[in-house]
Amino acid sequence: MATADVGKPIEITWRREKLIVSSLLQDLPAAPSLDDHVQMLKAAVGHRLASLPEQSWEAVAQACVRPDLVALQLEQAKGAGLLLEEHVDGATLRSVHSRVWMTELFPGIQPRTGQEALDVPDPQVFGVTKDGKPQAISRYRYRDLAHFQQHMWQTISATLHLNSYEESIVSRRVTRALIAHPVVVEFEDGTDSLNVIATRDGITRLASAWKVLAGPSASPSDAADLAVEVLFAKANLRTGASLPDQMTSGRAAYRDRLREEYHQESVGEGLSLRKVQIAQTYLMPAHLTVGVEAHVSGALPPEDVFDDAVRSILASIHVEFKPWDDSAQNLEVVTRALKLFAQTRHSALGDQEQLRDVYSLAIGRTKEAATPRVYGNESIPGTPIWRAICLLHTLTRPEFHEQLKARAKEIKNERRMSTKGYASLLGPVIDYPWRAAKSSATKPARNAWSNGGVLCEDVLSDGWVPVPTTDFLRLVERALAGDLNARCTLAVAGGVALIADKLLTRNVGSAVAVTPAPGKVPFRADVSTVIGGLAREGNELGLWTLAHAAQRFRHDLLPRNSSSMRQLGLRGTAAEDDAYVHVAVDLTAPDRIRRENGREVALTTWDVVFASDPERARRLICPVAPPQETFSPGHDGTGDEAETGAAAAPGSLQMEMSAGQLIVAERKRLLEWLSGARRSLETLEELGGRVSFPPLLGSPEEWLDLQQSAFEVLEFIQRNRFGEPEDDEEGQD
C-alpha cells in the first residue's frame, strides 16, 4: 500500500478551508484471496488464547484487509506472543491488530449520546459463555432489521452532531486504532442472525469517515444515510441465499465499486477531491478483541465479564484520559458502578434479583410504570416523579451510597468523591423520563445536580422511607408535626421538580441582589443547602413550596415560569386556563397559593431561595415583604396584534393586473409563506419535545444557512417599512 510522498504536500479545498493532505494511499488493496481467508480460520478456530465461535471468526476474516497477517499473529502466539493484552479489573482481554475495511465496521452503542433522549432505543445486550467461561463476543437483540437500521442511522447522525474529525481524516486518514469486537445481532421477529464487527471505541472517527466519504457538503443525516445504505446493501445472489450472505456480498460489491471509481479518478494529472475521499476512508486500523480470560478473583457472572472488561477500557480512555462530556461520563460511571454493585453484592435493601430490577429501572430499560413492582409496593404511583423518589432513596442509603461511591471512584481512578460529585452522577439517571421534553433545561439542571442536587443532610441520613401518595400537599401537615418520612419525601420530590424545571440552579455571585428581581436570589447557597432549608423541620413556607412544586410537576413539558418556547413567537403548549405553572406560596391563603387580582402568582428562583431560610433573607435584603412579582402566562407581546398594520388591498378591476396589484398579490403570498414557516417551526418545536437529538435546526452549518435566510427576509421587511403602525402611536399617548 504505497502512500504519497510526505515531502510533497498536496493542498485541497474542503468546504471553506484549505487542507494539506499527507499519507494518501496510491493503491487501494484488493480483496484477500480465499487461501488467505482459509489460512486465518485454520489458525484461529480453537486457538487456546482466543474465545470466539467459528461464525465470529468468519466475521473477523471478512473485516481484515490482510487475514494472512492475522493468521501470523495467532500462529506466533504461543505464550501471549503477538497478541495484544490488556489487564482490567476481573479479566484479561486479547486482541489482534489489523487494517480493516471501513465498510465492515458497524458502530456499537455510543456512550457519548447515552445521556440524551433518543428516538430509537438501544438494543438489549447480553453476554455469551461456553462451558461456564466468558466468550469475547456480545449479543445485541433488536426488535427487527428496521430497528437495527434505524439504530445505526441514529448513532452516526447523533455522533456527528456532537463532534466530527472530518478535516483530520481528510488530511491524515484515521491513524489511531479503533477498538472493536465481534457481535451476534439477533432479532425478536425471527430474522436470521448476523455476525458483524462492532466498534466500541472510535465511533466518532468511524462516523467522521462516513461523512468524509459522503462529501464536503454532506450533513450528519446525509452521512448516516450513506452508511446505512452501504452497511445493509444486499447483493443479488442465487435464489435462497441467506440474509447474512446477501449483506456480506453487498458490502464487498460496494468496495469493488469504490476501488474502480478510485482508479478512474487517478487517470490524468492532478488530484481530485473524490480520490482523496475514497483513499482516506477505504480502510482503518483496529484492535479486534478475540479473547477474554476471567480472573480467579473476579466476582462477576461469566456472561457479564466481557462487556464489563470492554467498558472498563473505554472508561480508562474517555473518563480518565480523553474525556467525554461530563454528562456522558457520569452516566457511564454510575450505570457501570450500579451494575457491578447489583451483581456482586447482597444488601439489606434486597436480594440480587431486586437490585438488578433497580438497575434496569435506573438505566431506563424498565419504565416508570414498573416502579411499584420493582419495590414490591403497589401503593407507590408508577409515575416519573415517583421513579425519581424511589431511586434517590435507594441510591442514598448509607450502605448503597458508600459502596456505589467506592465503585465509581475505582472506575474514574479517583481517590476522593464528594457528595456533590456523587450527586452529579445521579442527575442523568434521574432525568431520564423527561430529558426530551425538558431538553432546554438539561444543562442548568445538570449543573444543579453537580452542586449537590437534593442530597441534603436529612435525605442522606438513615432511617427514613418515602411515603407513597398521589397528593403531596397532604404530607405538609405530617411534616410540620415532625414526621421525618414526610419531610424527606417532600425534599426529594419537590427538589427534583424545582431542579428539572429550572427554578433552582447552581447559584453564582452575580445572581445575588438585595431586592427581588427576576433571575436573582437573596443570598448564595448550594442547591443541596437550599433543598435542606426548604425541608427543614418547622419551615412551613419551605415545605409548602416543595409540596406545590411536587404536586404540579409534569414530565412532558416545562412550566411557563421557565419555558423559552415563545422566544421565536411560537404559541404555547397549553391553553391559558390550563397552564403548567409553579406557584408562589401565601401561608394566609386557604390553599396556600399567592394571588394578585385573582391570578396565581408564579414561583421564582428568588421565592425558592427566600423560603429556604426566611430569617437569613430578611437580614440581607431591604425590609420588604417577600417578592410579589406577578407572572402573567400568555402575555408576552406576541400574538394577533403583531399581525395588524397590513393595509387592505384597494378594490381593483378584474382585468390584467397592474404592477400595484401584482405587489398586493405577491405580498399575500409572502404572508402565506411566512405562516407556513411559522407552522414548520411549531411542528419542529412539538417534535423536539419527544427527543433531544437531532438538533431541531440541524448542524451548525445548516443553522447558519437558516439564520442567513431569516436575516435576509427580516432585513427586506425592515427596509421596506412604510409609516408608523397605529398601535405605536397609541402606545405613546
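Provided above is the structure to which this section pertains.
This report concerns the structure included in the present document. (Residues numbered from 1 in each chain as written. Predicted model: local features only at pLDDT ≥ 70, side-chain atom pairs only at ≥ 80, totals over all residues. Heavy atoms only, no water.)

### Quick word on the overall build of the protein
Link 1 in the chain: Counting its regular elements, the protein contains 27 helices and 12 strands.
Link 2 in the chain: Residue burial in the protein is summarised as follows: out of 733 residues, 49% are buried.
Link 3 in the chain: Within the protein, contacts between residues separated by at least 24 positions form 71% of all contacts whose residues are at least 6 apart in sequence.
Link 4 in the chain: Counting only carbon and sulfur atoms, one obtains 50% of the accessible surface of the protein, whose full area is about 34,500 Å². (Helix = DSSP H or I, 4+ residues; strand = E, 2+ residues; numbered from the N terminus. Buried < 20%, exposed > 50% of the residue type's maximum accessible area, 1.4 Å probe, protein only. Contact = heavy atoms within 4.5 Å. Areas by Shrake-Rupley, 256 points an atom, 1.4 Å probe, with all protein chains shown as cover.)

### What about helix α9 (residues 273–281)?
Link 1 in the chain: Judged by how many residues are buried, α9 sits mostly within the fold: 7 of 9 residues are covered.
Link 2 in the chain: Those residues of α9 not exposed but buried are Lys-275, Val-276, Gln-277, Ile-278, Ala-279, Gln-280 and Thr-281.
Link 3 in the chain: Buried-residue contacts for α9 involve β1 (10–14), β2 (17–21), α5 (166–172), α6 (203–214), α8 (243–265) and β10 (283–294).

### Examining the packing of helix α1 (residues 34–44) against helix α3 (residues 67–76)
Link 1 in the chain: Two elements in contact, α1 and α3, have axes whose closest approach is 8 Å; the angle formed by their N-to-C orientations is 20 degrees. The angle between α1 and α3 places the two elements in the roughly parallel class. With respect to the hand of their crossing, α1 and α3 are arranged in left-handed fashion. Where α1 abuts α3, its residues Asp-36, His-37, Gln-39, Met-40, Ala-43 and Ala-44 lie against Pro-67, Asp-68, Val-70, Ala-71, Leu-74 and Glu-75.
Link 2 in the chain: Classifying every residue of the contact of α1 with α3 by side-chain character gives 7 nonpolar, 2 polar and 3 charged. (Axes fitted to C-alpha atoms, helices over the stretch in contact; angles between N-to-C directions. Parallel < 35°, antiparallel > 145°, perpendicular 65-115°, else oblique. Left-handed = near helix turned anticlockwise from the far one by under 90°. Nonpolar A, V, L, I, M, F, W, Y, C, P; charged D, E, K, R; others polar.)

### Points about the nonpolar core
Link 1 in the chain: Core analysis: the biggest nonpolar cluster contains 188 residues, and Trp-57, Phe-148, Trp-210 and Val-496 have the highest contact counts within it.
Link 2 in the chain: Broken down by element, this core gets its largest block of residues, 11 residues, from helix α20 (residues 484–500).
Link 3 in the chain: Setting aside its immediate chain neighbours within four residues, Trp-210 contacts Met-102, Thr-103, Ile-156, Ala-223, Leu-226, Ala-227, Val-230 and Leu-231. (Core = buried A, V, L, I, M, F, W, Y, C linked by side-chain atoms within 4.5 Å.)

### Examining the pairing of strand β4 (residues 91–101)
Link 1 in the chain: In terms of burial, β4 is a largely internal element, 9 of the 11 residues being buried.
Link 2 in the chain: The sheet contact formed by β4 and β10 spans 11 bridges and is antiparallel. Residue Leu-93 lies in a different strand from β10, and its bridge partner there is Val-292. (Pairing = 2+ DSSP bridges.)

### Quick word on the pattern of salt bridges
Link 1 in the chain: In this structure the tally under the stated criterion is 30 salt bridges.
Link 2 in the chain: Residues Arg-274 and Glu-261 are paired through a salt bridge, measuring 2.8 Å at the closest nitrogen-oxygen approach. Placement of Arg-274 in helix α9 and of Glu-261 in helix α8 is noted, with a sequence separation of 13 residues between them.
Link 3 in the chain: Take Glu-261: its relative accessible area is 25%, and that puts it in the partly exposed class.
Link 4 in the chain: With its nearest N and O atoms 3.0 Å apart, the salt bridge here joins Asp-431 to Arg-435. Each of the two residues, Asp-431 as well as Arg-435, counts as buried.
Link 5 in the chain: One continuous salt-bridge network, built from bridges that share partners, spans Arg-552, Asp-591, Arg-595 and Glu-600. (Salt bridge = Lys/Arg side-chain N within 4 Å of Asp/Glu carboxyl O.)

### Here's the deal with the packing of aromatic side chains
Link 1 in the chain: Across all of its chains, the model carries 8 aromatic pairs by this definition.
Link 2 in the chain: Taken together, a centroid distance of 6.2 Å and an interplanar angle of 50 degrees make the contact between Phe-148 and Phe-187 tilted. With Phe-148 in helix α4 (residues 145–162) and Phe-187 in strand β8 (residues 178–187), the pair connects residues that are 39 residues apart, well separated along the chain. Taken as a pair, Phe-148 and Phe-187 share a single burial class, namely buried.
Link 3 in the chain: Through a chain of ring-to-ring contacts, three or more aromatic side chains come together here, namely Phe-106, Tyr-142, Phe-148, Phe-187 and Phe-232. (Phe/Tyr/Trp six-rings, centres within 6.5 Å; stacked < 30°, edge-to-face > 60°.)

### Observations regarding helix α22 (residues 540–552)
Link 1 in the chain: Between the first and last C-alpha of α22 there are 18 Å, a value that for 13 residues agrees with the 18 Å anticipated at 1.5 Å per step.
Link 2 in the chain: Across the 13 residues that make up α22, a large majority, 10, are buried.
Link 3 in the chain: By the burial criterion, the buried members of α22 are Leu-541, Gly-542, Leu-543, Trp-544, Thr-545, Leu-546, Ala-547, His-548, Ala-549 and Ala-550.
Link 4 in the chain: In this structure, the buried residues of α22 make contact with α19 (475–480), α20, α21 (527–534), α23 (605–612) and α24 (614–620). (Expected span 1.5 Å × (residues − 1).)

### Description of the packing of α6 against helix α7 (residues 220–231)
Link 1 in the chain: Two numbers describe how α6 lies on α7: the axes approach to 8 Å, and their chain directions differ by 95 degrees. Judged by the angle between their axes, α6 and α7 are roughly perpendicular. In contact with Trp-210, Lys-211, Leu-213 and Ala-214 of α6, α7 contributes Pro-220, Ala-223, Leu-226, Ala-227, Val-230 and Leu-231.
Link 2 in the chain: Its residues assigned to classes, the contact of α6 with α7 comprises 9 nonpolar, no polar and 1 charged.

### What to know about a nonpolar patch on the surface
Link 1 in the chain: Judged by side-chain polarity, Leu-681, Leu-696, Leu-697, Trp-703, Leu-704 and Leu-706 come together as a nonpolar surface patch covering roughly 490 Å² of accessible area.
Link 2 in the chain: The element best represented in the nonpolar patch is helix α26 (residues 700–719), accounting for 3 residues.
Link 3 in the chain: You can see Leu-706 is positioned in helix α26. (Patch = residues over 30% accessible without salt bridge, like charges linked within 9 Å, V, L, I, M, F, W, Y side chains within 5 Å.)

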